[in-house]
Each structure stands twice: as C-alpha cells, then as structure tokens.
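# Architecture and fold: a report
Given next are the chains, with one letter for each unit.
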Amino acid sequence: QVQLVESGGGLVQAGGSLRLSCAATGRTFSDYCMGWFRQAPGKAREFVAAIDWSGFRTTYADSAKGRFTISRDNVKNAVYLQIISMKPEDSAVYYCAARSAWGTMFTPGEYNYWGQGTQVTVSS
C-alpha cells in the first residue's frame, strides 16, 4: 500500500505560480512512477504530467507543456508539480497518483494509488 497526501493548493491570481507537493508513505517510493492529474467541476479527470522511478523520464499533456514541471525527491518520498503563468482554466482539484510500471501514463485507470487531492483556484 502507498498513501499519498497532496498539499500546496490554494487561491492564486492569474499569472502567478504554485508548487504542489505529494508526500508518500508506505511502500518504497522509488518503486513507483508518479503522475499528476486534475479534475475541474463537471469534467473528467485529466492527465497533467508523469515521472518515472528515478526522475530521469517525464511526460506531459500538451496543455501542460511549458508551464508545468514535475519532479520528485526519492529521499523525501515526495513528488512535486510546479505551475507558472497560471490561468483560470488551471482551476481544478489536483491529484497525485502512483503506479509501478511506466506505460500509457495518461490513463487514470492504470494507476494503483491516489491521493485525496488539493484544490487550486486561479482568479482572473
């Protein structure tokens, strides 16, 4: 079992930045690839970014390229999502998720563990 807890969300003005964190406990963190997803009201959960076990390989949704950066610290057992130049359409609940294999990282159903999410609201 892996327990995931997100933090760092909040209210930010358009053009601002946030750094979301996801702390992992339980099994060996470096055994898992990690992903970030987001879900706005009335919309499906959307892939944002993913990172492999070591942090060497990353992948991003097209909508996230250029403004979002995923990283991880296997000593601190945490994964991060840095967001810059934020837009109102970035408003959503952001979730981190864990899976053991690297593959089609954009598919929510292929992740084994999820956090409860952190709310991000961007005001215009």
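Definitions and limits used
- Residues numbered from 1 in each chain as written.
- Predicted model: local features only at pLDDT ≥ 70, side-chain atom pairs only at ≥ 80, totals over all residues.
- Heavy atoms only, no water.
- Salt bridge = Lys/Arg side-chain N within 4 Å of Asp/Glu carboxyl O.
- Buried < 20%, exposed > 50% of the residue type's maximum accessible area, 1.4 Å probe, protein only.
- Helix = DSSP H or I, 4+ residues; strand = E, 2+ residues; numbered from the N terminus.
- Phe/Tyr/Trp six-rings, centres within 6.5 Å; stacked < 30°, edge-to-face > 60°.
- Core = buried A, V, L, I, M, F, W, Y, C linked by side-chain atoms within 4.5 Å.

## Regarding the pattern of salt bridges
Inspection of the entire model under this criterion finds six salt bridges. In this structure, the salt-bridge partner of Asp 62 is Lys 65, at a minimum N-O distance of 3.1 Å. Judged on exposure class, the residue Asp 62 and its partner Lys 65 are both exposed. Arg 99 is the salt-bridge partner of Glu 110, the closest N and O atoms lying 3.2 Å from each other. Here Glu 110 is found in the loop between strand E9 (92-99) and strand E10 (113-114), whereas its partner Arg 99 is found in strand E9, with eleven residues between them in sequence. Each of Arg 38, Glu 46, Arg 67 and Asp 90 takes part in one network of salt bridges that share partners.

## Some points on unusual backbone geometry
Trans is the prevailing form of peptide bonds, just as negative phi is the prevailing case for residues other than glycine. With a phi angle near 55 degrees, Asn 77 is a residue other than glycine that sits in the positive phi range. If you trace the backbone, Asn 77 turns up in the loop between strand E7 (68-73) and strand E8 (78-83). Since its relative accessible area comes to 28%, Asn 77 is described here as partly exposed. Within the chain, Ser 85 stands out as a residue other than glycine whose phi angle is a positive 45 degrees. With respect to the helices and strands, Ser 85 occurs in the loop between E8 and E9.

## Remarks on the packing of aromatic side chains
Evaluated as defined, the whole model comprises six aromatic pairs. Measuring from centroid to centroid gives 5.9 Å for Tyr 32 and Tyr 113, while their planes differ by 80 degrees, and the two rings are edge-to-face. Residue Tyr 32 is found in the loop between strand E3 (18-26) and strand E4 (33-39), and its partner Tyr 113 is found in strand E10; the two are separated by 81 residues along the sequence. By relative accessible area, Tyr 32 is classed as buried at 7%. Geometrically, the ring pair formed by Phe 37 and Tyr 111 is edge-to-face, given 5.0 Å between the ring centres and 85 degrees between the ring planes. You can see Phe 37 sitting in strand E4 and its partner Tyr 111 sitting in the loop between E9 and E10, a full 74 residues away along the chain.

## So, the nonpolar core
Core analysis: the largest hydrophobic core is formed by 36 residues, its most contacted members being Leu 4, Met 34, Trp 36, Val 79, Leu 81 and Tyr 94. Going through the elements one at a time, strand E1 (2-7), E3, E4, strand E5 (46-51), E7, E8, E9 and strand E11 (118-123) are the ones with two or more residues in this core.

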